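Descriptive structure summary
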Amino acid sequence: MEIHEHIIELPKKVYVGNGILSKLRDYLFQLNVLEPVLVVTGPNVRKIVIDEVAKGLNEIGKIEFIEVLDSSIDEVNRVEEKAKQLNPKFVLGIGGGKTIDVAKYVAYKLNVNFISIPTAPSHDGITSPFASIKGLGKPVSVKAKMPYAIIADINVLSSAPRRLINSGIGDTIGKLVAVRDWKLASKLTGEYYGDYTASLALLSAKHALSCTRIIHRDLKYSVSLLTEALISSGVAMGMAGSTRPASGSEHLFAHAVDLLQPNAALHGELVGMGSIIMAYIHGINWREIRNALDRIGAPTTAKQLGIPNDVIIKALTIAHTIRPERYTILGDRGLTWASAEKVARDTGVIE
Ligand SMILES: NC(=O)C1=CN([C@@H]2O[C@H](COP(=O)(O)OP(=O)(O)OC[C@H]3O[C@@H](n4cnc5c(N)ncnc54)[C@H](OP(=O)(O)O)[C@@H]3O)[C@@H](O)[C@H]2O)C=CC1
Ligand SMILES: O=C(CO)COP(=O)(O)O
Ligand SMILES: [Zn+2]
């Protein structure tokens, strides 16, 4: 068997627990965080966590905050300009996926340490060495910095709006399809398939499925399970050196919808919906995925998201063009309009 040559990137420390943001100061000392520090956050998040964060950062020394509105290259450039003036030793990203991506990408460009402090369990970029930046020419993620450390406060994460929590479940359930696509590609094209990283991604998906059964009675425990699943999916990406274990045809559908109708839905919501359709095409248990998403109130129909049927069908017909180098069940030619309409109707995604 040929040995695949690769570099494994992993975070140095991962702190997970209830109310641990109050110990931010201690963690930063443990991590030898040196000033100046640039804190990248978002306008909503800043209001929610600012007091706790400010307390923790008080004794560090020179700190500056910057708020980002989206994960566009323009926002990256703005944060980078600020960073160049400050010359930070550490960049902290505090917020949802977009904020973390911008912070992570700027830290990568300037080669400074990055600490990931998620405030919503909505995506697996919490730990991955990749960032989704809009305006770089492709709707998919690019190489960025593996977080030096992650501080995941379950109190904060479980207080996030339920829609964001559900979205993280959708992003994670997507791995059931992504791993299928990867295995298929390895059989058809000879692409390297990493058994270990694929298993890790699948394990995350299985735990996300369990979350859908227990979240009604134990939100905090479910969010802690989900957070670990998101972290280990990110670790799978770091080990694989690519997002392959975590992103297949279900993500291509999500990226395609995002291109056709930007901001129509959260990333994980579209991934969840894409997973239903792609599982159907793979011939695996798509009903289990749909039922799991229904159970938690995550969207399983285009109507729930206010997305017109034509957008869903068009997205399915262009999904294979989004990342042609990554083979999936959609093949090289993708779906015709008629077959896209049929799969979307058969799965109940469109009426
Ligand atoms: N790098 C990677 O490997 C991955 C990247 N992604 C990317 O992540 C992004 C999706 O992230 P997602 O988090 O879903 O969306 P956003 O980052 O857009 O966050 C959605 C909203 O939630 C708010 N928010 C965050 N935390 C809280 C909280 N605790 N309470 C109240 N509001 C909160 C944010 O506020 P505010 O306005 O303050 O930001 C924002 O308005 C996509 O761009 C996707 O491509 C997804 C998966 C993997
Ligand atoms: O969202 C991701 C993993 O959940 C990253 O996927 P992409 O590489 O397709 O952007
Ligand atoms: Zn994703």
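Residues numbered from 1 in each chain as written. Chains lettered and ligands numbered in written order. Predicted model: local features only at pLDDT ≥ 70, side-chain atom pairs only at ≥ 80, totals over all residues. Heavy atoms only, no water.

Here's the deal with the pattern of salt bridges
- Summed over all chains, the structure comprises 17 salt bridges.
- Shared partners join several salt bridges into a network, and the residues in it are Glu80, Lys84 and Lys109. (Salt bridge = Lys/Arg side-chain N within 4 Å of Asp/Glu carboxyl O.)

Some remarks on the domain arrangement of the protein chain
- Its domain assignment divides the protein chain into domain 1 (13-159) and domain 2 (162-346).
- Here domain 1 and domain 2 have C-alpha centroids that lie 25 Å from each other.
- Between domain 1 and domain 2, the residue contacts involve 25 residues of the former and 30 residues of the latter.
- A combined buried area of about 2100 Å² lies between domain 1 and domain 2, and 68% of that area is made up of carbon and sulfur atoms. (Domains from an automatic or database assignment. Contact = heavy atoms within 4.5 Å. Buried area = accessible area lost by both parts, 1.4 Å probe.)

Section: the nonpolar core
- Grouped together as the largest cluster of nonpolar side chains are 65 residues, with contacts concentrated most on Ile169, Ile173, Phe253, Ile307, Ile312 and Leu316.
- Per-domain counts for this core show at least three residues from each of domain 1 (13-159) and domain 2 (162-346).
- For isoleucine 173, the contacting residues outside a window of four places in its chain are Ala205, Ala208, Leu209, Thr212, Ser275, Ile289, Ala292 and Leu293.
- Residues Tyr15, Ile20, Val53 and Ile60 belong to the second largest nonpolar core, which totals 23 residues. (Core = buried A, V, L, I, M, F, W, Y, C linked by side-chain atoms within 4.5 Å. Buried < 20%, exposed > 50% of the residue type's maximum accessible area, 1.4 Å probe, protein only.)

A word on the environment of threonine 227
- By the element assignment, threonine 227 lies in helix α9 (residues 219-240).
- For threonine 227, a relative accessible area of 1% corresponds to the buried category.
- In this structure the C-alpha to C-alpha distance between threonine 227 and arginine 287, which are 60 residues apart in sequence, comes to 25 Å. (Helix = DSSP H or I, 4+ residues; strand = E, 2+ residues; numbered from the N terminus.)

Topic: the coordination of the zinc ion (ligand 3)
- Donor atoms from the polypeptide that coordinate the zinc ion (ligand 3) comprise Asp171 (OD), His251 (NE2) and His267 (NE2), at 2.1 Å from the metal.
- Sequence spacing of the donors to the zinc ion (ligand 3): D-x79-H-x15-H. Of this pair, aspartate 171 sits in helix α6 (residues 162-173) while histidine 267 sits in helix α11 (residues 267-282), placing them 96 residues apart in sequence.
- A relative accessible area of 0% places aspartate 171 in the buried class. (Donors = N, O, S within 2.8 Å, 3.2 Å for Na, K, Ca; no water.)

Details of the pairing of strand β3 (residues 63-67)
- The pairing of strand β2 (residues 37-41) with β3 spans five bridges and is classified as parallel. Of the residues in β3, the one forming a bridge with leucine 38 is glutamate 64.
- Once the chain exits β2 it traverses helix α2 (residues 43-57) before rejoining the sheet at β3, and the crossover so formed is right-handed. (Pairing = 2+ DSSP bridges. Right-handed = clockwise from strand over helix to strand, strands pointing away.)

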